[in-house]
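An overview of the molecular structure
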Amino acid sequence: MTVTATPPARSRSTTNPLRSRPAVRRFLEGPALTPADLSMVLLVTEQQADRPMPTVTVPQIPAAMHEARLHGIRSVKIFAESTRRDATGEISLVPDALMARAVRAAKDAEPDLAVMTETCLCSYTDSGLCYVTDVHGRPDIPATIDVTARQAVAHAAAGADIVGPASMVLGTTQGARTALNDEGFSSVSVMPHVIFWSSLYDGFRRTMGATPKAGVDREFQINPGKPQQFIDAALQLVQDGADMLLLEPAMFTADVLTHLKQHTGTPLFPFSVSGEYTTLSSLDSKTGKRDVRRLIELFTMLKRAGADASVTYAALDIARQLSG
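For the structure given in this document, a descriptive report is provided here. Per chain, residue numbering runs from 1 following the sequence as it is written. For this predicted model, a pLDDT threshold of at least 70 governs which residues receive local features, and a threshold of 80 or more governs which side-chain atom pairs are given and counted, while totals over whole chains, interfaces and linings are taken from all residues. Hydrogens and water molecules were not included; the side-chain quantities draw on all heavy atoms of the structure.

Along the chain, the regular secondary structure elements total 11 helices and 11 strands. Here the globule rule reads 2.2 Å times residues to the power 0.38, and the radius of gyration is calculated from C-alpha atoms. Here the C-alpha radius of gyration of the chain, 22 Å, is about what a compact globule of 324 residues would show, namely 20 Å. Each principal axis of the C-alpha distribution contributes one length, and for the chain these read about 90 × 60 × 40 Å. Relative to its 324 residues, the chain shows a buried fraction of 51%. Contacts in the chain between residues at least 24 apart in sequence constitute 75% of all its contacts with a sequence separation of at least 6. With residues, only the protein chains shown are counted as cover, and all accessible areas are computed by Shrake-Rupley using a 1.4 Å probe. Accessible surface, the chain: about 15900 Å² in total, of which carbon and sulfur atoms supply 52%. All tallies of charge rest on Lys and Arg as positive and Asp and Glu as negative; His and the ends of each chain are not included. Positions of charges follow a simple convention, taking NZ of Lys, CZ of Arg, CG of Asp or CD of Glu. Distance from the positive charge centre (32 side chains) to the negative charge centre (34 side chains) of the chain: 11 Å. Strands here are runs of E lasting at least two residues and helices are runs of H or I lasting at least four, both read from the DSSP assignment and numbered beginning at the N terminus. Between buried and exposed lies partly exposed: a residue is buried under 20% and exposed over 50% of the maximum accessible area for its type, with that area taken using a 1.4 Å probe on protein chains only. By definition in these notes, contact holds between two residues if any of their heavy atoms fall within 4.5 Å.

See below:
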């Protein structure tokens, strides 16, 4: 008679983090959020004014860049408005455009920090739209691709390291990549935005004069109830030449972020938009300090989900707290 030995029961860990000493709990924690996990947003305007979101002028950029480096932040995302608008958005291409001046100021101040731009038309068209329209008011796709590509080259010529087609008009990423290569900027990266439509953008739109004309919304953005469409769009942008992807709004992208992390090696950057900043943080009127605890929790979760870094208006406030 053959006796089969019963394998010993698998032993269970005797260390329960929930009842361990604080030192042991800290020892068992996963990777903590660091300033290097954050990218700083700068909304650049010609003049300082009372607006829904905090803004900077070009002379204020060097100080912000120096402090970002001091606290361990490695990149900045720049948005710039224009006080002059036209139907084509080509006002953004002039050599002394605000974006070009802002990029030069940032790179002159801290050359080792990566400078990313928003490559879009909504802050330059008189309609507030992200694309050029034809005589019938319909999207003019070829014209939009052309001006977006030339805008990408203008940003690169000013010193941008990464340009960001943001309209989600199909062809703008490929157009930007081709134009950069043709103009000798093959080392400049392209990071298009992949966007769920949301009311969380309202603060940014009002601050930067990027609110669409009445009755028109961002029709190229994706319904938040269609995650597969978001994933398909992201993967298509990678095929079109995207070197990395900006996913927004950050707090609504954890599921698609995790999926994309498993199906592409492209770096992924959730963008915490204006409504997240105003809703999940608050300013203490007595101390002047911003309470960013909920944002720290959000970005810790996104790091866990696979974010290479999170783009946020609160980067400096969070970095100060993490460093302190």
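A few words now on the side chain of E118. Its location among the elements puts E118 in strand β3 (residues 114-119). Buried E118, no salt bridge; nearest opposite-charge side chain is K77, N-O distance 7.0 Å. Discounting chain neighbours no more than four positions away, the residues touching E118 are K77, I78, F79, M99, H155, G164, A166, H193 and F204. Counted as salt bridges are all cases of a side-chain nitrogen of Lys or Arg within 4 Å of a carboxyl oxygen of Asp or Glu.

Position of H193 relative to the elements: it lies in strand β6 (residues 193-195). For the pair formed by H193 and G159, sequence separation is 34 residues and the distance between their alpha carbons is 20 Å. Among all residues touching H193, those that are not within four sequence positions of it are K77, F79, E118, G164, P165, A166, M168, L237, L246 and E248. A distance of 3.0 Å separates a polar atom in the side chain of H193 from a polar atom in the side chain of K77. Pairs of N or O atoms are called polar contacts if they sit within 3.5 Å, as long as, within protein, a hydrogen donor faces a hydrogen acceptor (for residues adjacent in sequence, only side-chain-to-side-chain pairs).

Our next topic: the sheet that holds strand β1 (residues 38-44). Sheets are built from strands that pair by backbone hydrogen bonding, the pairs being arranged parallel or antiparallel. A strand pair is defined by DSSP finding two or more bridges across the two strands. Taken in spatial order, the 9 strands of this open sheet run β5-β4-β3-β2-β1-β11-β8-β7-β6, and their pairing is parallel. Edge strands, defined here as strands with exactly one partner in the open sheet, are β5 (189-190) and β6. Relative to β5, strand β4 (residues 162-165) runs parallel, the two being bridged by 2 bridges. Across the sheet, residue I162 finds its bridge partner in β5, namely S189. Lines fitted to C-alpha atoms define the axes, with helix axes restricted to the stretch in contact, and inter-axis angles between N-to-C directions lie between 0 and 180 degrees. Helix-sheet contacts for helix α2 (residues 61-70) involve β1, β2 (75-80) and β3, and the interaxial angle to β1 is about 175°. Helix-sheet contacts for helix α4 (residues 141-158) involve β3 and β4, and the interaxial angle to β3 is about 155°.

Another aspect to go through is the nonpolar core. Counting residues in hydrophobic clusters, the biggest one holds 96 residues, and the most contacted among them are M40, V44, I61, M65, I78, V194 and I318. Here this core gets 8 residues from one element, more than from any other, and that element is helix α3 (residues 98-109). Discounting chain neighbours no more than four positions away, the residues touching I318 are L33, L38, V292, L295, I296 and F299. Here, nonpolar core refers to any group of buried Ala, Val, Leu, Ile, Met, Phe, Trp, Tyr and Cys residues whose side-chain atoms link them within 4.5 Å.

This part is about the packing of helix α8 (residues 254-263) against helix α10 (residues 293-305). Each pair of packed helices gets described by two things: the angle between the helix axes and the distance between those axes. In contact at an axis separation of 9 Å, α8 and α10 are set at 25° when each is read in the N-to-C sense. Taken together, α8 and α10 sit at an angle that is classed as roughly parallel. Contacts between α8 and α10 involve A254, L257, T258 and K261 on the former and, on the latter, M301, L302 and A305. Of the residues that constitute the contact of α8 with α10, the class distribution is 5 nonpolar, 1 polar and 1 charged. Angle categories: roughly parallel below 35 degrees, roughly antiparallel above 145, roughly perpendicular from 65 to 115, and oblique for all the rest. Residues are grouped as follows: Ala, Val, Leu, Ile, Met, Phe, Trp, Tyr, Cys and Pro are nonpolar; Asp, Glu, Lys and Arg are charged; every other residue, Gly included, is polar.

Applying the stated rule across the entire model yields 13 salt bridges. Via salt bridges that share partners, E67, D317 and R320 belong to a single interconnected network.

For strand β8 (residues 268-272), a buried count of 5 out of 5 residues is recorded, marking the element as mostly surrounded by other parts of the structure. Alignment of strand β7 (residues 245-248) against β8, held across 3 bridges, turns out to be parallel. Within β8, the position partnered with L245 by the bridge is L268. Here is how to tell: hold the view so the strands point away, follow the path from the first strand over the helix to the second, and if it runs clockwise the crossover is right-handed. In this fold, the crossover linking β7 to β8 by way of α8 has right-handed handedness. As judged from the 2 bridges shared by β8 and strand β11 (residues 310-312), these two strands associate in the parallel manner. What sits directly across from F271, in β11, is V311.

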